[in-house]
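Residue-level structural notes
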Amino acid sequence: MRNLKQIMLLVMVGSLLTFTSCSKDDDGDGDGGSNKGGSEFLTVKIDGSSFSASTDPASLISAVVDSGVLAVQGSTNDGKYLRFNILNYTGEGTYVTGDNISNSNLIQYGDISTPTVAWISSGIIALGNSAATGTITVTSDDGSTVEGTFTFTGYNADDMSTKSFTEGEFKASIE
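Conventions adopted
Residues numbered from 1 in each chain as written. Predicted model: local features only at pLDDT ≥ 70, side-chain atom pairs only at ≥ 80, totals over all residues. Heavy atoms only, no water. Helix = DSSP H or I, 4+ residues; strand = E, 2+ residues; numbered from the N terminus. Buried < 20%, exposed > 50% of the residue type's maximum accessible area, 1.4 Å probe, protein only. Areas by Shrake-Rupley, 256 points an atom, 1.4 Å probe, with all protein chains shown as cover. pLDDT = per-residue confidence, 0-100. Contact = heavy atoms within 4.5 Å. Salt bridge = Lys/Arg side-chain N within 4 Å of Asp/Glu carboxyl O. Phe/Tyr/Trp six-rings, centres within 6.5 Å; stacked < 30°, edge-to-face > 60°. Lys NZ or Arg CZ within 6 Å of the ring centre and 35° of its normal. Polar contact = N/O pair within 3.5 Å; in protein donor to acceptor, adjacent residues only side chain to side chain. Pairing = 2+ DSSP bridges. Core = buried A, V, L, I, M, F, W, Y, C linked by side-chain atoms within 4.5 Å.

Quick look at the overall build of the protein now. Looking only at helices and strands, one finds two helices and 11 strands in the protein. From first element to last, N terminus to C terminus, the protein shows the α and β order α-β-β-β-β-β-β-β-β-α-β-β-β. Burial analysis of the protein (175 residues in total) assigns 45% to the buried set. When the accessible surface of the protein is split by element, carbon and sulfur atoms take 52% of a total near 8,000 Å².

In this section: the confidence of the model for the protein. Averaged over every residue, the pLDDT of the protein is 79; residues scoring 70 or more account for 74%. Segment residues 1–36: pLDDT under 50, and 62 contacts once partners within four positions in sequence are set aside and those in other chains are kept.

Mapped onto the secondary structure, Val72 falls in strand S4 (residues 69–75). For Val72, a relative accessible area of 3% corresponds to the buried category. Taking the C-alpha atoms as reference, Val72 lies 8.9 Å from Val146; in sequence the two are 74 residues apart. Once you skip the residues sitting within four places of it in the chain, Val72 turns out to touch Ser62, Ala63, Leu82, Arg83, Phe84, Val146, Phe170 and Ala172.

Within this structure, the stated rule accounts for two salt bridges. For the salt bridge of Lys80 with Asp78, the shortest nitrogen-to-oxygen distance reads 3.5 Å. The residue Asp111 makes a salt bridge to Lys80 at a minimum N-O spacing of 3.6 Å. Taken together, the residues Asp111 in strand S7 (residues 106–111) and Lys80 in strand S5 (residues 80–87) connect sequence positions 31 residues apart.

The next thing to look at is the packing of aromatic side chains. Going through the model one piece at a time under the given rule, you end up with eight aromatic pairs. Aromatic pair Tyr89 and Tyr95: ring centres 5.7 Å apart, planes at 35 degrees, arrangement tilted. Note on Tyr89: relative accessible area 10%, which makes it buried. Here the aromatic cluster, defined as three or more aromatic residues joined through ring pairs, consists of Phe51, Tyr109, Trp119, Phe152 and Phe165. A cation over an aromatic ring shows up here: Lys163 above the ring of Trp119, its NZ or CZ 4.6 Å from the ring centre.

It is worth spelling out the side chain of Asn85 at this point. Topologically, Asn85 is positioned in strand S5. Residue Asn85 is classed as buried on the basis of its relative accessible area of 14%. Polar side-chain contacts of Asn85 include one of 3.3 Å to the side chain of Arg83. Among all residues touching Asn85, those that are not within four sequence positions of it are Leu70, Ala71, Asn105 and Leu106.

Once that is clear, we can look at the pairing of S7. Burial runs high along S7: six of the six residues are buried. Side chains Leu106, Gln108 and Gly110 of S7 all project onto a buried face; the interleaved residues Ile107, Tyr109 and Asp111 project onto the opposite face, where all are buried too. Pairing of S5 with S7 involves six bridges; the strand directions are antiparallel. Note on S7: the bridge partner recorded for Asn85 is Leu106.

Excluding glycine, a negative phi dihedral is what most residues carry, and trans is how most peptide bonds are arranged. Within the chain, Asp47 stands out as a residue other than glycine whose phi angle is a positive 50 degrees. For Asp47, a relative accessible area of 48% gives the class partly exposed. In this model, Asn88 sits at a positive phi of 60 degrees, which is unusual for a non-glycine residue.

Core analysis: the largest hydrophobic core is formed by 26 residues, its most contacted members being Leu82, Val146 and Phe170. Breaking this core down by element, the ones donating at least two residues are strand S1 (41–46), strand S3 (61–66), S4, S5, S7, strand S9 (134–141), strand S10 (145–156) and strand S11 (161–173).

Given below as structure tokens:
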């Protein structure tokens, strides 16, 4: 079981690094990601504390739609990240994570500093832990930009802790 967790963590970190490349908006909005009026943002409250993906010095927010999968990610300059994947993505609507073991939709928050740690909402990772559920609502997808809201409870399998992620909002250019 420990090997499975390590393999999944490596796969997720590898995916994170893939999606961390700069987006089309390389100049960002110059405010460190705190201005949701900019072209891209990814924000959430984590147990009441604010998280904003960085847009300074370059936008660290991206979205990809490929083969029916939507992947959105944002990170900070100090290694914290938030990402989600929606499988069988069909556009605007509400998608659920962590509701059962066969649902591969995923929301993940982590920190790649030593030691690497992550809180995840996925039926596969949480092995059916009903505490690790979430929703992603895509309110707009015009083919070049995707926008919406999300909320979830993240589960850390290493120490069995949970974190509450509320008031999540995102807007990202589709690459």
